[in-house]
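# Working through the structure, step by step
For reference, the chains in residue letters:
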Amino acid sequence: MEQKEAEDSGETVSVWQYEERELTVQEYESMVLMQQVVSENASGIVASVTQFQRDAVIDEYTEQLIEEGLI
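Residues numbered from 1 in each chain as written. Predicted model: local features only at pLDDT ≥ 70, side-chain atom pairs only at ≥ 80, totals over all residues. Heavy atoms only, no water.

### Brief notes about the overall build of the protein
Scanning the protein from terminus to terminus reveals one helix and two strands. Each helix and strand of the protein, placed in order from N terminus to C terminus, yields the pattern β-β-α. Here the C-alpha radius of gyration of the protein, 26 Å, is well above what a compact globule of 71 residues would show, namely 11 Å. Residues counted as buried form 3% of the 71 residues belonging to the protein. (Helix = DSSP H or I, 4+ residues; strand = E, 2+ residues; numbered from the N terminus. Rg over C-alpha atoms; globule rule 2.2 N^0.38 Å. Buried < 20%, exposed > 50% of the residue type's maximum accessible area, 1.4 Å probe, protein only.)

Written out as structure tokens, the structure reads:
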């Protein structure tokens, strides 16, 4: 989206511009397959990051308890 000033009134108007492309059947199928792979891997990546964050928090808390002499 781009803001331009209308020549006749001086009013600011929004101008939309888009790109369009036609895909072959093979390109489309390849794109759909890639989306499926990314979608399937995304949930695994999120789970891994969540587990890593959980482990980091536990490690930090354990370190604090050790520093305070509680364990």
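### A short note on helix α1 (residues 25-67)
Residues separated by three or four positions in an α-helix point in the same direction, a consequence of the helix having 3.6 residues per turn. The terminal C-alpha atoms of α1 lie 63 Å apart, and with 43 residues this matches the ideal 63 Å at 1.5 Å per residue to within 8%. Positive phi shows up at G69, right after α1, with a value of about 75°. (Expected span 1.5 Å × (residues − 1).)

### Looking at the pattern of salt bridges
Here the structure, examined in full by the defined rule, presents one salt bridge. A salt bridge links E27 to R21; its shortest N-O distance comes to 3.1 Å. (Salt bridge = Lys/Arg side-chain N within 4 Å of Asp/Glu carboxyl O.)

### Let's talk about a nonpolar patch on the surface
A contiguous nonpolar patch, built from L23, Y28 and M31 and spanning about 280 Å² of accessible area, is present on the exposed surface. Here L23 falls in the partly exposed class, since its relative accessible area comes to 38%. (Patch = residues over 30% accessible without salt bridge, like charges linked within 9 Å, V, L, I, M, F, W, Y side chains within 5 Å. Areas by Shrake-Rupley, 256 points an atom, 1.4 Å probe, with all protein chains shown as cover.)

### Some details on the environment of S14
Secondary-structure assignment places S14 in strand β2 (residues 12-15). By relative accessible area, S14 is classed as partly exposed at 41%. Aside from chain neighbours lying at most four places away, what touches S14 is M1, E2 and Q3. (Contact = heavy atoms within 4.5 Å.)

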